[in-house]
Amino acid sequence: MTLAVALETYAALLCYLIGAVLSVGAGLWVARYGDRDRPDRAAVLAALAMIGVWCVVSLSLPMGHPAIEIAETFRNLALIAVIFRLFAADGRDESLKPIRPVIIALALVQMFQPVLLFVEAQAGDFSRIAQITFEVGTVLNMLVAIGALMLLHNLYAGAAASSRRIIRWTGIGLAMIFAYDLNLFTIAYLVGEYPSLLVALRGLVVGVMASLLAFGANATSGGLQFRPSRAVTFQTLSLLLIGSYLLVMVLVTRSLALLGEDIARATQVAFLVIAVVGALVWLPSERARGWLRVTATKHLFQHRYDYREEWLRFTRTIGRGSSGSASFHERAVKAIADITDSPAGLLLVPNEEAQLELTARWNWPTIEVPASAGDYALSGLLEQHSHILDLDEVRAGIDHHGELAHVPQWMSDAEDAWALVPLIRFDRLVGAIVLARPRIERRLDWEDFDLLRVAGQQLASYLAEQAGQQALMDASRFDEFNRRMAFVMHDIKNLASQLSLLSANAQKHADNPAFRADMLVTLRNSTEKLNALLARLSHYGAGQGQEVREVDLASLAKGIAERFKSVHPVAITKAEPVIVLADVESLEQALIHLVQNAIDASGKRDPVFLDVHSDGLAGQINVVDSGFGMSPEFVRNGLFKPFVSSKQGGFGIGAFEAREMIRSMGGRVNVESREGVGSRFSVILPVPEAVTLLNRHKHQPSKEVA
């Protein structure tokens, strides 16, 4: 006896010994603690006893001994009796008429095994007869296993939910025993002999399943549920797939040996090549792994999501440090997208006019998002109903709250756009996330909606907290900036006083009239400039009203173009005569800043264009350049934020001040920009007629109803 055979023999003895101990222990436990009101109690006790006898006989006698076959026959008959009594436990004992013939047929097939043993014993040394009895015996065992599995399937599929909780564990144990037998006898029939390893492990498998039979006989087993770890489940499924793959390879290669030697060898090589290539293509596939994960979750778990793991992953993604390349807003998109296995996403945030604007994108560089990603009506609808939009339903014309009229066209046209998740905090829309379609096609269900809604509320809190912290930081820096300006103003005021005194003394003591005149002109100019600077600094941030009067935008645009003529080409493409209400100095200062920014962003020979026109209610002057442009994220988060500048050494206050000046005149500034194409700043101011009508409407007395 070789070492391998000896080890296999000892392993078989150990497995059957463990099986005998488990089955006998399970029988004693059922007899003492089992539910005495169960109709299948006696059958389960008999089955456990026969399993124990079969394990002891298999442990004592060599493999293939007739006594083992007889003990196995009685074991299977007892297991079939348990199946029969499970129908009674399910409350269907009055509808067993179609089941009884199947039970009787299985019992007769199983009882035919001793007849085969008798024929084999009488055949003696006739190998052909022994081979036939072996094949017939394996086929009969396969039929018994298949019939038992069909009965179990019919039992479980037709049971009510309450009955399934009662028969669950016993049914699992029986199904595993007969499934193992089916595989064992199928392989034995194909290869012409019993696989020694599977025969050796059979006692251990049946013993463990006997423990499940005892577990199912407990009075409280109906309330117990199988809750495997999802990670363990996916790993187990992977191992089962690998094992099935290896088993198929063994069966196919052994079956090919029945062919001619040359044909068999060539076919085996071809099969091996195809199998290896298929494994290399399929196993690393992310789509294949996603399909396996979705299928396992759908069929093995009561809920789609492991909420604890999802929440931990969500928190880790949001709380990850900023040392990486992903910004907070990108991490926010990723945290929501990971829930549904979406490969990409967008974050839209409402602006001051409640229009949604693109703030961040994650793994979605190809989608084109306009400057106004959604109008105020869409923001209001999301805020009012907290409804997660299934964009496939939108494309199909399904309307829940009137959203079809407000979903933007770009979102409907993007086939990859899958869902729009609103981020609500205290009944206020903080933002919305557009999720890309997962790689594994599926529809959104109630679990998706519930989890995305809760995660969206939590994310809205994070976004609001981050915005509040940013506002506090800006306020702190503004306070520091104002304190510094106070010192600057004090110094400039002292300087202006000194220069004024110097000018007065020079008028009295200068001997040279010509020098005195030049000195006076210089000093007066310096004094005027310093006083003007002092007045401007005093006016900055004081909240004082501006002197608003009628201004011709066309003339102002021509003056600005002439001013920059010697520095950079500034061309006027359109100059309609438009009169607006504005403060001339503030408006000119704001436009000069915008034009200077356009020049800085453009090449030396690339002109900056000014365009002046009116729509009847407002006048508009556009500053257009063909420079490097800005990303939507910078336009949203950095362009008009104080102390944020894209220029080296810039203080980041100019764009903010320009917008605030325009707003103080009752106007607004719109920005459109694309990286690598250029930018357009639109300054929009009301015409006098519109202001007059608006003021008349505001001051018109309301008519009282008598």
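For the structure, check the block above.
Notes on the structure in this doc start here. For clarity, every value in this text was computed on a predicted model and none was experimentally measured.

Our next topic: helix α19 (residues 584-601). Owing to its 3.6 residues per turn, the α-helix aligns residues three or four sequence positions apart on the same side. Between its first and last C-alpha atoms α19 spans 26 Å; for 18 residues at 1.5 Å apiece the expected length is 26 Å, and the two agree. Those residues of α19 not exposed but buried are Val-584, Ser-586, Leu-587, Ala-590, Leu-591, Ile-592, Leu-594, Val-595, Ala-598, Ile-599 and Ala-601.

Attention shifts here to the pairing of strand β12 (residues 678-686). With eight of nine residues buried, β12 lies mostly within the body of the structure. Inspection of the sheet shows strand β10 (residues 618-625) paired to β12 by eight bridges, in the antiparallel sense. Note that in β12 the partner of Gln-620 across the bridge is Ile-684. The loop that links strand β11 (residues 668-674) with its antiparallel partner β12 comprises three residues; one of these, Gly-676, has a positive phi angle of about 80°.

So, on to the nonpolar core. Counting residues in each nonpolar core, the largest one holds 45 residues, and the members touching the most others are Leu-79, Ile-83 and Leu-174. Elements that contribute at least two residues to this core include exactly α1 (3-33), α2 (41-60), α3 (66-89), α4 (100-123), α5 (127-157), α6 (161-191) and α7 (196-216). The greatest single-element share of this core, amounting to nine residues, is contributed by α3. Beyond its immediate sequence surroundings of up to four residues, Leu-174 is in contact with Leu-79, Val-82, Ile-83, Leu-86, Leu-152 and Leu-213.

Hydrogen bonds between backbone atoms are what pair the strands of a sheet, whose relative direction is either parallel or antiparallel. Taken in spatial order, the five strands line up as β7-β9-β10-β12-β11 in an open sheet, and their pairing is mixed. Pairing within the sheet leaves two strands with one partner each, and these edge strands are β7 (570-575) and β11. Across this sheet, the average inter-strand angle for adjacent strands is 15°, counted without regard to direction. Pairing analysis gives six bridges linking strand β9 (residues 608-614) to β10, with the strands arranged antiparallel. Bridge pairing in β10 links Leu-610 to Val-623. Packed onto the sheet, α19 meets β7, β9, β10 and β12 and runs at close to 25° relative to β10.

So, on to the side chain of Thr-138. Relative to the elements of secondary structure, Thr-138 occurs in helix α5. Within the local environment of Thr-138, its side chain forms a polar contact with the backbone oxygen of Glu-135, the two atoms lying 2.7 Å apart. The residues contacting Thr-138, other than those within four sequence positions of it, are Phe-185, Ala-188, Tyr-189 and Tyr-194.

Once that is clear, we can look at a nonpolar patch on the surface. A cluster of nonpolar residues, Phe-112, Val-115, Phe-118, Val-119, Ile-129, Ile-132 and Val-136, forms a patch on the protein surface that exposes about 550 Å² of accessible area. If you list the elements that add at least two residues to the nonpolar patch, you get α4 and α5. The greatest single-element share of the nonpolar patch, amounting to four residues, is contributed by α4. You can see Val-115 is positioned in helix α4.

Quick look at the packing of aromatic side chains now. Following the criterion strictly, the structure yields seven aromatic pairs and no others. Here the aromatic rings of Tyr-16 and Trp-54 are separated by 5.6 Å at their centres, their planes lie at 70°, and the arrangement is edge-to-face. Remark: Trp-54 occurs in helix α2 and Tyr-16 occurs in helix α1; sequence separation between them is 38 residues. Looking at Trp-54, the relative accessible area reads 1%, which means it is buried. Taking the centre distance of 5.3 Å and the plane angle of 20° together, the rings of Trp-311 and Phe-314 count as stacked. In this pair, Trp-311 and Phe-314 both sit in helix α11 (residues 307-319), three residues apart, roughly one turn of the helix.

Rules used throughout
Residues numbered from 1 in each chain as written. Predicted model: local features only at pLDDT ≥ 70, side-chain atom pairs only at ≥ 80, totals over all residues. Heavy atoms only, no water. Helix = DSSP H or I, 4+ residues; strand = E, 2+ residues; numbered from the N terminus. Expected span 1.5 Å × (residues − 1). Buried < 20%, exposed > 50% of the residue type's maximum accessible area, 1.4 Å probe, protein only. Pairing = 2+ DSSP bridges. Core = buried A, V, L, I, M, F, W, Y, C linked by side-chain atoms within 4.5 Å. Contact = heavy atoms within 4.5 Å. Axes fitted to C-alpha atoms, helices over the stretch in contact; angles between N-to-C directions. Polar contact = N/O pair within 3.5 Å; in protein donor to acceptor, adjacent residues only side chain to side chain. Patch = residues over 30% accessible without salt bridge, like charges linked within 9 Å, V, L, I, M, F, W, Y side chains within 5 Å. Areas by Shrake-Rupley, 256 points an atom, 1.4 Å probe, with all protein chains shown as cover. Salt bridge = Lys/Arg side-chain N within 4 Å of Asp/Glu carboxyl O. Phe/Tyr/Trp six-rings, centres within 6.5 Å; stacked < 30°, edge-to-face > 60°.

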